[in-house]
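Each chain, written out:
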Amino acid sequence: AVVQRRVRGSNAVLEGLIQFMDEPAPEKPPSLTIMELCDRLCMKKEDVISTLQHLSLIHYYKGQYVICLNNEILEQHRKSMSRKKVRIDGKFLRWQPKDWSKRGKW
């Protein structure tokens, strides 16, 4: 279970970073904080930091932490994602909370 969670977290973090890099950036180099990445991914800060450390993407440089992506990691991720058969498209998900007022009497 821990391995599966780490793989899903790694995929989510890499996908989030790739999507961020694909967006037009108003500043050079593009800037993204850990909290912004957490908000984008709906993940806890500790999980994102742990995943970045596991992937060796976060480094301490001149008094601050920076996320460093290289082409090798990006290509490896794209290759692994192309092998996956099933992807869920969020446009087709529908969810409604259960209405407990409609339940029958016991």
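The structure this text deals with has already been given above.
All figures in this text were calculated on a predicted structure; none of them were measured in a lab. (Residues numbered from 1 in each chain as written. Predicted model: local features only at pLDDT ≥ 70, side-chain atom pairs only at ≥ 80, totals over all residues. Heavy atoms only, no water.)

## Observations concerning the pairing of strand 1 (residues 58-61)
The two faces of a sheet get side chains in turn, since along a regular strand they alternate between them. To keep it simple, the criterion reads: Paired strands are those between which DSSP finds at least two bridges. Helix numbering and strand numbering both begin at the N terminus, where a helix is a DSSP run of H or I of at least 4 residues and a strand a DSSP run of E of at least 2.
Here four bridges tie strand 1 to strand 2 (residues 64-67), and the two strands are oriented antiparallel to one another. In the strand pairing of strand 2, His59 is matched with Val66.

## Overview of the environment of Val48
Put simply, the rule is: Whether two residues are in contact is decided by their heavy atoms: any pair within 4.5 Å suffices.
Here Val48 lies in helix 3 (residues 45-54). Separated by ten residues in sequence, Val48 and Cys38 place their C-alpha atoms 6.7 Å apart. Excluding anything up to four places from it in sequence, Val48 contacts Ile34, Leu37, Cys38 and Met43.

## Topic: the packing of helix 2 (residues 34-41) against helix 3
For clarity, the cut-off: Whenever a helix is involved, its axis is fitted only over the stretch in contact; in every case the axis is a line through C-alpha atoms, and angles between N-to-C directions fall within 0 to 180 degrees. For classification purposes, angles smaller than 35 degrees are called roughly parallel, those larger than 145 roughly antiparallel, those between 65 and 115 roughly perpendicular, and all remaining angles oblique. Residues are grouped as follows: Ala, Val, Leu, Ile, Met, Phe, Trp, Tyr, Cys and Pro are nonpolar; Asp, Glu, Lys and Arg are charged; all remaining types, including Gly, are polar.
Orientation of helix 2 relative to helix 3, taken along the N-to-C sense of each, is 105°, at an axis distance of 9 Å. By the angle between their directions, the pair helix 2 and helix 3 is classed as roughly perpendicular. The segment helix 2 lies against helix 3, with Ile34, Met35, Leu37 and Cys38 engaging Lys45, Val48, Ile49 and Leu52. Counted by class, the contact of helix 2 with helix 3 contains seven nonpolar, no polar and one charged residues.

## Quick notes on the environment of Lys45
Mapped onto the elements of the fold, Lys45 is located in helix 3. Each C-alpha atom, one on Lys45 and one on Ile34, is 7.0 Å from the other, the two residues being eleven residues apart in sequence. Once residues within four sequence positions are removed from consideration, Lys45 is found in contact with Ile34, Met35 and Cys38.

## Some words on helix 2
Heads up, the condition is: Residue exposure (1.4 Å probe, protein chains only): buried if accessible area is under 20% of the type maximum, exposed if over 50%, otherwise partly exposed. Regarding the arc, it is the one traced by the directions from the helix axis to the C-beta atoms.
Where helix 2 is concerned, the buried positions are Leu37, Cys38 and Leu41. Projected onto a plane normal to the axis of helix 2, the buried residues spread over an arc of 105° and lie on a single side. Note on helix 2: the residue one or two positions beyond its end, Cys42, has a positive phi of about 55°.

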